[in-house]
Amino acid sequence: MINDGRSVADVARSIGVHEMTLGKWVKKARDAQDGEPVRPLNEDERAELERLRSENRRLKMEAEFAKKVAAWFAKDQQ
């Protein structure tokens, strides 16, 4: 992508967003940089990123579980 060499499509699949949406975000980020180099994350930012990724995984699992429970109850009501 912007600095790690991965394609927009690959990253979009891995984070669960549409490729065109991510492409627009990347373009906006590149336009905002105006030639400024991207600085690496510091230790606190890296820790926050890892915490948010973990929270995101947990929330996705909870949402998936809620969908399955709702489907089960809907099936049970018929």
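Residues numbered from 1 in each chain as written. Predicted model: local features only at pLDDT ≥ 70, side-chain atom pairs only at ≥ 80, totals over all residues. Heavy atoms only, no water.

Novice: If you had to explain the overall build of the protein to someone new, which residues and values would you point to?
Specialist: Of regular secondary structure, the protein possesses three helices and zero strands. N-terminal to C-terminal, the α/β element order of the protein is α-α-α. What you see for the protein is a C-alpha radius of gyration of 18 Å, clearly larger than the 12 Å of a compact globule of 78 residues, by over 25%. Considered along the principal axes of its C-alpha atoms, the protein spans approximately 60 × 30 × 20 Å. Out of the 78 residues belonging to the protein, those deemed buried represent 6%. Of the accessible surface of the protein, which amounts to about 6900 Å², a share of 56% is contributed by carbon and sulfur atoms. Between the centroid of the 16 positive side chains of the protein and the centroid of its 15 negative side chains there is a distance of 6 Å. (Helix = DSSP H or I, 4+ residues; strand = E, 2+ residues; numbered from the N terminus. Rg over C-alpha atoms; globule rule 2.2 N^0.38 Å. Buried < 20%, exposed > 50% of the residue type's maximum accessible area, 1.4 Å probe, protein only. Areas by Shrake-Rupley, 256 points an atom, 1.4 Å probe, with all protein chains shown as cover. Lys, Arg positive; Asp, Glu negative; His and termini not counted. Charge placed at Lys NZ, Arg CZ, Asp CG, Glu CD.)

Novice: Lay out the confidence of the model for the protein with the relevant residues and their values.
Specialist: Averaged over every residue, the pLDDT of the protein is 88; the share at 70 or more is 92%. The element-level mean pLDDT for the protein is lowest in helix H2 (residues 19-33), coming to 86, with helix H3 (residues 43-77) highest at 95. (pLDDT = per-residue confidence, 0-100.)

Novice: Account for H2, naming residues and giving values.
Specialist: Its 15 residues give H2 an end-to-end C-alpha distance of 21 Å, which sits within 8% of 21 Å, the value for a rise of 1.5 Å per residue. Looking one or two residues beyond H2, the residue adopting positive phi is aspartate 34, at roughly 45°. (Expected span 1.5 Å × (residues − 1).)

Novice: A description of H3 should follow, citing residues and the corresponding values.
Specialist: Over its 35 residues, H3 runs 51 Å from end to end, which matches the ideal 51 Å to within 8%, given 1.5 Å per residue. Two to three positions downstream of the cap, the backbone nitrogen of aspartate 44 sits 3.0 Å from a side-chain oxygen, assigning the N-cap of H3 to asparagine 42. (Polar contact = N/O pair within 3.5 Å; in protein donor to acceptor, adjacent residues only side chain to side chain.)

Novice: Pulling in residues and values, what's your account of the packing of aromatic side chains?
Specialist: According to the stated counting rule, one finds one aromatic pair in the structure shown. With 5.0 Å between their ring centres and 75° between their planes, tryptophan 72 and phenylalanine 73 make a pair best called edge-to-face. Among the residues examined, tryptophan 72 registers a relative accessible area of 53% and is labelled exposed. You can call phenylalanine 73 partly exposed: its relative accessible area is 42%. (Phe/Tyr/Trp six-rings, centres within 6.5 Å; stacked < 30°, edge-to-face > 60°.)

Novice: Quick rundown of the UniProt feature "coiled-coil region" (unreviewed entry) in the protein? Include the residues and the values.
Specialist: The positions UniProt marks with the feature "coiled-coil region" (unreviewed entry) are residues 42-69. A distance of 41 Å separates the end C-alpha atoms of residues 42-69, which is 96% helix and 0% strand. (UniProt positions renumbered as here; feature names shortened; annotations may be inferred.)

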